[in-house]
Amino acid sequence: MDYLKAVFWDYPQYAKRETLISILKEKSNVNLYLWIMRRFLEYGRVVDILGYFRIEEITEYLQKLKLTPYTLKKWKRLIEVYGNP
C-alpha cells in the first residue's frame, strides 16, 4: 500500500514523494507546511511521519495544528515517551 495515497487520497498532487519533499524542504509557505504535517499526523502511520518530520518539529507545532482530540492525545503521549533524550 502506498502510504502517501493513504494520507493524501483526496489531494493526488501531494501523493508523490519527490513533490512532498521539495515542499517540506522549502518551507516558504508555512500554512501549507502545517497543513501537510496535520494530514500526516491525522492519517499517517508514525513510522512514515517520522520519515518526514522530526519529533522536535511536531512538538513545536502540535498546538497550532487543530488536530482531533484523539490524535492530539496520541501525539502528546508519543512526544512524552520518545521526545526526550
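Before reading further, recall that the structure is shown in the block above.
Residues numbered from 1 in each chain as written. Predicted model: local features only at pLDDT ≥ 70, side-chain atom pairs only at ≥ 80, totals over all residues. Heavy atoms only, no water.

Participant: Break down the overall build of the chain for me, citing the residues and quoting the values.
Facilitator: When you go through the chain residue by residue, the secondary structure sums to 6 helices and 0 strands. The order of α-helices and β-strands along the chain, N terminus first, is α-α-α-α-α-α. Relative to the globule expectation of 12 Å for 85 residues, the C-alpha radius of gyration of the chain, 12 Å, shows essentially globular dimensions. Summarising its shape, the C-alpha atoms of the chain cover approximately 35 × 30 × 25 Å along the three principal directions. Looking at the chain as a whole, 38% of its 85 residues are labelled buried. Contacts spanning at least 24 positions in sequence make up 52% of the contacts within the chain whose residues lie at least 6 apart. For the chain, the accessible surface area stands at approximately 5,800 Å², while carbon and sulfur atoms represent 54% of it. Within the chain, one finds 15 positive and 10 negative side-chain charges whose respective centroids are separated by 3 Å. (Helix = DSSP H or I, 4+ residues; strand = E, 2+ residues; numbered from the N terminus. Rg over C-alpha atoms; globule rule 2.2 N^0.38 Å. Buried < 20%, exposed > 50% of the residue type's maximum accessible area, 1.4 Å probe, protein only. Contact = heavy atoms within 4.5 Å. Areas by Shrake-Rupley, 256 points an atom, 1.4 Å probe, with all protein chains shown as cover. Lys, Arg positive; Asp, Glu negative; His and termini not counted. Charge placed at Lys NZ, Arg CZ, Asp CG, Glu CD.)

Participant: Which residues make up the pattern of salt bridges, and what values do they have?
Facilitator: Applying the stated criterion across every chain, the model contains 6 salt bridges. Between Arg54 and Glu56 there is a salt bridge, and its shortest N-O distance comes to 3.6 Å. Among the residues examined, Glu56 registers a relative accessible area of 46% and is labelled partly exposed. A salt bridge links Glu80 to Arg77; its shortest N-O distance comes to 2.6 Å. Here the residue Glu80 and the residue Arg77 both occupy positions in helix 6 (residues 69–82), the gap between them amounting to 3 residues, near one helical turn. Classification of Arg77 as partly exposed rests on a relative accessible area of 48%. The network of salt bridges with shared partners includes Lys27, Arg54, Glu56 and Glu57. (Salt bridge = Lys/Arg side-chain N within 4 Å of Asp/Glu carboxyl O.)

Participant: How would you summarise the packing of helix 2 (residues 17–26) against helix 3 (residues 30–43) if you had to cite specific residues and measurements?
Facilitator: Close contact between helix 2 and helix 3 brings their axes to 9 Å; oriented N to C, the two are set at 125°. Comparing the axis directions of helix 2 and helix 3 gives the class oblique. Helix-helix and strand crossings are classified by hand; for helix 2 and helix 3 the assignment is left-handed. Facing helix 2, whose interface residues are Leu20, Ile23 and Leu24, helix 3 presents Leu32, Tyr33, Ile36 and Phe40. (Axes fitted to C-alpha atoms, helices over the stretch in contact; angles between N-to-C directions. Parallel < 35°, antiparallel > 145°, perpendicular 65-115°, else oblique. Left-handed = near helix turned anticlockwise from the far one by under 90°.)

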